[in-house]
Amino acid sequence: MGSVASLARGEEGAVDAGRTVFGKVVACFQAFVMVRCMCEGGLATGGLESDQMLLDAVKVLDLLNEVNNEVDCLPHEEFYNASIMEGINLKDEYPKWKSNSGSSILDFPFLLDAATKGDILRIESMITMRRELQDSFFRALFIGVNSPYLHLEVRREAVVRDAISQLASRSPNDLKKQLRVTFVGEEGIDEGGIQKEFFQLIVQDVFNPDHGMFEVNSESRLYWFTREFPEDAQVYEEYNLIGKLLGLALYNNVTLPIPFPLALFKLLLSKNLVVHDLFDLDPALHRGLETLLNLTPPDLDVALDDWTFDVVSRGKSICLLGEQARGTQVTSENRRDFVERYAQFRMVGSVRDAVAALKDGFDAVVGGDALRLLRPRELRELMVGCEELDFVALEKNAQYDGGWDKDSLAVKAFWEVVHSFSEQEKRALLVFATGSDRVPVGGLGKLPFIVVRNGPDSERLPSSHTCYNVLLLNEYSSKEKLESKLRAAVEHARCGFFLL
């Protein structure tokens, strides 16, 4: 592997040339895999084991991927293989992978993008939910009433408190059931739309500064565990239950606007953090530490005057090298060690118990094998969604009902109006029609979206069924009237259902 790594790095300053050559090697094997997948039978028919040449090429790509992970030469997206993702039969591959009965494409997850891995997570979740549903049925036969769902009944004004209180009393098996949410005093069956609203309210409350669980960095606008919370069992229990809520969102396929840095998703996957991860968490501190590494005498001597490995946390002095090394001076020789230790302390060490509590809660819900297929960035994409609003892709993927199709005049007028919206207005439309402004992994082209004719021209405003991503439109007499009604509906809509 050493010679391959040298090729990736480049020799004697020829780093760019080395990367170019390494990229061409990867592209060559990717092309070969694509050709083998297109051969008669293909991947979907017999899997990897039916084509030894394909299996050998994938193993070489596996080696190249390990090298790339070490030297960070190419974006990991360069290892995604479209032919593999198009040809794979996940319903066959997942049980083969779980049972270790032969070579499976899932043994080589670097070939699969976040959307495909999201499908694998959903398969695992559906199997687990089905098993819990069957167990609930049999327990009900022999023990008595036993709900097949994880049912949370919450008050809007106390959504976090009620959710945390109810989750605290649920068993590990209950957390694996399909989630159903009810708002106290409100009618409605949760087919997905109420869940979305529930989680959005949770996020608003949890990241409220008054809640005190997380603190925001004014520059990056991202949140991290507050270092000033009181150290007691109840606080750590709340972090644990917040982890369960994050796990439930992923388990039930709900994306959330959670403003965490990549570091959190690394920790959820049990990955080690590096100094660069501090950049999103605290950009100013990261720049200061990088400056310290780059200083030369005499500026370095001035900067390090009276610096030691001792730091203050919660009003207590702590030595980053251990209590036996108190007072150790930071020098030119050990400054890199200081930077690495201090960055780790800032990100994890000072909030270690809170991080552990949140991760334990998350793992209690989604601790399955499929999770380890993900890279941190892919997990973030699955949990947070995409940022890009590609409404052209949404239009291309949209379906129609009630007598309309893509060529109907009213449909064409609708899309002309939508494409004229600002980004903020487009996000508001998504909330109105789907219950969330989060874009699913893979983009808006992956979002089921249905536009339904809701009758002839009328003074009624458009309405929606957020559970099913259905937008109901009357066949308004003009494009101008359609725009006016649609803007009014979006402006007055609140999260959840908007039925008139």
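Here, the structure is the one placed above.
Sequence order as written defines residue numbering, which begins from 1 separately in each chain. Reporting in this predicted model follows two pLDDT cut-offs: at least 70 for local features of residues, and 80 or more for side-chain atom pairs to be given and counted; totals over whole chains, interfaces and linings ignore these cut-offs and use all residues. Based on all heavy atoms of the structure, the side-chain values leave hydrogens and waters out of the count.

Participant: Break down the side chain of lysine 176 for me, citing the residues and quoting the values.
Facilitator: Residue position: lysine 176 is located in the loop between helix H9 (172-175) and strand E2 (178-183). Buried residues are those whose accessible area, probed at 1.4 Å on protein chains only, stays under 20% of the maximum for their type, while exposed residues exceed 50% and partly exposed ones sit between those limits. Note on charges: Lys and Arg go in the positive column, Asp and Glu in the negative column, and His and the chain ends are not counted at all. One speaks of a salt bridge when a side-chain nitrogen belonging to Lys or Arg is within 4 Å of a carboxyl oxygen belonging to Asp or Glu. The side chain of lysine 176 is buried and forms no salt bridge, while glutamate 124, the nearest opposite charge, is found at 7.4 Å. We define a polar contact as two N or O atoms separated by no more than 3.5 Å, with the added condition that, inside protein, one atom must be a possible hydrogen donor and the other a possible acceptor, whereas residues neighbouring each other in sequence contribute only through side-chain atom pairs. Separated by 2.7 Å, the side chain of lysine 176 and the backbone oxygen of valine 365 make a polar contact. The criterion used for residue contact is that any of the two residues' heavy atoms lie within 4.5 Å. When sequence neighbours within four positions are dropped, the list of residues in contact with lysine 176 reads Thr128, Met129, Glu132, Tyr251, Ala364, Val365, Val366 and Gly367. Numbered from the N terminus, helices here are DSSP runs of H or I no shorter than four residues, and strands are runs of E no shorter than two.

Participant: Please set out the nonpolar core residue by residue, giving values where relevant.
Facilitator: For this analysis, a nonpolar core means a set of buried residues of the types Ala, Val, Leu, Ile, Met, Phe, Trp, Tyr and Cys, connected via side-chain atoms within 4.5 Å. Membership of the largest hydrophobic core comes to 117 residues, with the highest contact counts inside it found for Phe198, Phe214, Phe225, Ile258 and Met383. For this core, the element with the highest residue contribution is helix H11 (residues 233-251), accounting for 11 residues. Excluding anything up to four places from it in sequence, phenylalanine 225 contacts Met213, Phe214, Glu215, Tyr239, Leu264, Val351, Ala354, Val355 and Leu358. Core analysis: the next-biggest nonpolar cluster, separate from the first, contains 31 residues, Tyr400, Val418, Val451 and Val490 among them.

Participant: Requested: an account of the sheet that holds strand E9 (residues 463-465), with residues and values cited.
Facilitator: Pairing between strands is defined by DSSP: at least two bridges between the two strands are required. Read from one edge to the other, the open sheet built from four strands follows the order E7-E8-E10-E9, with strand pairing classed as mixed. The open sheet terminates on both sides in strands that have one partner only, identified here as strand E7 (399-401) and E9. When strand polarity is set aside, the average angle formed by the axes of neighbouring strands in this sheet is 25°. Bridging between strand E8 (residues 450-453) and strand E10 (residues 470-473) involves four bridges; their strand directions are parallel. By the bridge assignment, arginine 453 is partnered in E10 with leucine 473. Note on definitions: angles span 0 to 180 degrees between N-to-C directions of axes, and those axes are lines fitted to C-alpha atoms, for helices only across the stretch in contact. On the sheet, helix H21 (residues 423-434) packs against E9 and E10 and is oriented at approximately 60° with respect to E9.

Participant: So what's going on with unusual backbone geometry? Residues and values would help.
Facilitator: Between proline 297 and the following residue, proline 298, the backbone shows a cis peptide bond with an omega angle of 0°. Tracing the sequence through the fold places proline 298 in the loop between helix H14 (283-294) and helix H15 (299-303). At serine 270, a residue that is not glycine, the phi angle is positive and equals roughly 60°. Tracing the chain through its elements places serine 270 in the loop between helix H12 (262-268) and helix H13 (278-281).

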